[in-house]
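# Summary of the model geometry
If you want the building blocks of each chain, they are given just below.
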Amino acid sequence: MEPKDTQKTVSDIDAQVRKNPWMDFEVTNYDRQMLSVIGNISPSYPGQPGQIEINFKDVYFVSLPIAWKTDTSKQVISLVDGPEQFAINKLFRVEQGYLIFKFMPEDYQEGFGCLIGAKEISYRVL
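As the structure is a prediction and not an experimental result, all values here were calculated from the model.

## Points about the pairing of strand 3 (residues 52–63)
In this sheet, strand 3 lies alongside strand 2 (residues 34–40) in antiparallel orientation, the contact comprising six bridges. Its bridge partner lying in strand 3, Leu-35 is registered against Phe-56. Pairing of strand 3 with strand 7 (residues 114–125) involves 10 bridges; the strand directions are antiparallel. Paired with Ile-52 across the strands is Val-125, a residue of strand 7.

Laid out in C-alpha cells, this is it:
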C-alpha cells in the first residue's frame, strides 16, 4: 500500500467514525498477520448502523487496551509521523516498512494513544 493511499484510508476511516455521536472500539481478533478492531456506537448490539471493522495486516507491535471509547468531535485515528514516529520506532524497535497507526481514546492522560505498528490498514462499514 502506497503512503498516500494509506493516509487516504486513515482519513476515510476517521471521517466515517466521526459521523457518529461517539464510538466504542474493541479488539475482536488477532493472529500474527491480522489485527481486527470493531467500532460501534453500542457494543452490546452488534450489527447496528455505525459499526465499522478496521483490519491491520502484517502486524509488528500493538500497545493498547482491549477496549476503549472515543470522542468523535475530535480526531479518532491518525497515521503517526515526524518526531513522534521516530520516538515510537526507537521505543518498539520498529523495522523499516512498518507504519504506526494511533487511535486517540478518551478518558486517558494527554498524549496517550492506542498504537498499532503494521504494514497495511483496511476497513469496511458493517
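## Some words on helix 1 (residues 3–17)
Taking 1.5 Å of rise per residue, 15 residues should cover 21 Å, and helix 1 covers 21 Å from first to last C-alpha, within 8% of that figure. The complete set of buried residues in helix 1 reads Thr-6, Thr-9, Val-10, Ile-13, Asp-14 and Val-17. Seen along its axis, helix 1 keeps its buried residues to an arc of 135 degrees; they face one direction. Exposed residues lying more than 90 degrees from the buried face of helix 1 are Lys-4 and Lys-8. Here the buried face of helix 1 lies against strand 1 (23–31), strand 3, strand 5 (77–79), strand 6 (99–103) and strand 7.

## Side note on the pairing of strand 7
By the bridge criterion, five bridges tie strand 6 to strand 7 in an arrangement that is antiparallel. Across the sheet, Lys-102 pairs through a bridge with Leu-115, a residue of strand 7.

## Overview of the pattern of salt bridges
Summed over all chains, the structure comprises six salt bridges. Lys-119 is the partner of Asp-58 in a salt bridge, and the nearest nitrogen-oxygen pair spans 3.7 Å. Of this pair, Asp-58 sits in strand 3 while Lys-119 sits in strand 7, and the two are 61 residues apart along the sequence. We classify Lys-119 as partly exposed; its relative accessible area is 34%. Here Glu-84 and Lys-102 are joined by a salt bridge, their closest N and O atoms 2.6 Å apart. Highlighted residues: Glu-84 in helix 2 (residues 82–92) and Lys-102 in strand 6, separated in sequence by 18 residues.

Scoring rules and cut-offs
- Residues numbered from 1 in each chain as written.
- Predicted model: local features only at pLDDT ≥ 70, side-chain atom pairs only at ≥ 80, totals over all residues.
- Heavy atoms only, no water.
- Pairing = 2+ DSSP bridges.
- Helix = DSSP H or I, 4+ residues; strand = E, 2+ residues; numbered from the N terminus.
- Expected span 1.5 Å × (residues − 1).
- Buried < 20%, exposed > 50% of the residue type's maximum accessible area, 1.4 Å probe, protein only.
- Arc of directions from axis to C-beta.
- Contact = heavy atoms within 4.5 Å.
- Salt bridge = Lys/Arg side-chain N within 4 Å of Asp/Glu carboxyl O.

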